[in-house]
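For reference, the chains in residue letters:
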Amino acid sequence: VFHGRILARRLVGQETRYELEVLARYRQRFPLVSREYLWVPSTCGCPPLRHGAEYVLMARRHVNHEHTLNRLLLPDGGYARPWTPREARLVREAARHC
């Protein structure tokens, strides 16, 4: 779970790749760097992440069986909410209890 700003969007095959800047980490089970690619397994623009906008995102690390693919994935129906101070406070509080 982290706070990120969308820097770019690109369609790659049947997926969407977002380049983002990681601004804050709330709950971290794997390391994140300051710039990451976030993959969405569709090209429909769902969830609608806008260039320049900030979001609270809950993604998972996707590693294939051969360990040749290691990426940050926002699954269908994944958590992506516009960042607000209130949303950030709620996520921080939840992270302390989980």
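Per chain, the residues get numbers from 1 upward, laid out in the order the sequence is written. Two thresholds apply to this predicted model, a pLDDT of at least 70 for residue-level local features and 80 or more for giving and counting side-chain atom pairs, whereas whole-chain, interface and lining totals are computed over all residues. With hydrogens and water set aside, each side-chain value is computed from the structure's full complement of heavy atoms.

Enquirer: Give a detailed account of the nonpolar core, specifying residues and quantitative values.
Expert: By nonpolar core we mean a set of buried residues, namely Ala, Val, Leu, Ile, Met, Phe, Trp, Tyr and Cys, connected to one another through side-chain atoms within 4.5 Å. Accessibility here uses a 1.4 Å probe with only protein chains present; expressed as a share of the type maximum, an area under 20% marks a residue as buried, one over 50% as exposed, and anything in between as partly exposed. In this structure, F2, L20, L38, L49, L57 and L74 are the most contacted members of the largest nonpolar core, which totals 16 residues. Starting at the N terminus, helices and strands are each numbered in turn, a helix being any DSSP run of H or I of at least four residues and a strand any DSSP run of E of at least two. Put simply, the parts of the chain that give this core at least two residues each are β1 (2–12), β2 (15–25), β3 (35–40) and β4 (54–58). Considering every element that reaches this core, the biggest residue donor is β2, with three residues.

Enquirer: Describe the pairing of β2, listing the residues and the values that go with them.
Expert: Where β1 and β2 come together, ten bridges link them in antiparallel fashion. Across the sheet, the residue bridging to A8 is E19, located in β2. In this description, strands pair whenever DSSP reports at least two bridges between them. Counted between consecutive antiparallel strands, the loop separating β1 from β2 contains two residues, among which G13 sits at a positive phi close to 60°. Across six bridges, β2 lies against β3 in antiparallel orientation. Bridging from a neighbouring strand, R17 pairs with W39 of β3.

Enquirer: Run through the sheet that holds β3, naming residues and quoting values.
Expert: Sheet strands associate in pairs through backbone hydrogen bonding, adopting either a parallel or an antiparallel arrangement. Ordered in space as β5-β6-β3-β2-β1-β4-β7, the seven strands form an open sheet in which the pairing is mixed. Each edge of the open sheet is held by one strand with a lone partner, namely β5 (60–63) and β7 (79–82). Going from strand to strand, the sheet's axes swing by 45° on average, the running direction of each strand aside. Under this scheme, a helix contributes an axis fitted over its contacting stretch, all axes are lines through C-alpha atoms, and angles between N-to-C directions fall in the 0 to 180 degree range.

Enquirer: Kindly report on the pattern of salt bridges, identifying the contributing residues and their values.
Expert: For side chains of opposite charge, pairing can occur when their charged atoms come near one another. When a carboxyl oxygen of Asp or Glu lies within 4 Å of a side-chain nitrogen of Lys or Arg, that pair is called a salt bridge. Scanning all chains against the criterion turns up five salt bridges. In this structure, the salt-bridge partner of R71 is E15, at a minimum N-O distance of 2.7 Å. Of the two residues, R71 is situated in strand β6 (residues 70–73) and E15 in strand β2; the sequence distance between them amounts to 56 residues. A relative accessible area of 12% means that R71 is categorised as buried. With a shortest N-O distance of 3.9 Å, E36 and R61 are connected by a salt bridge. Taken as a pair, E36 in strand β3 and R61 in strand β5 lie far apart in primary sequence, 25 residues in all. Given a relative accessible area of 12%, E36 falls into the buried group. On the basis of relative accessibility, which here comes to 25%, the residue R61 falls in the partly exposed class.

That is the geometry; function is a separate question.
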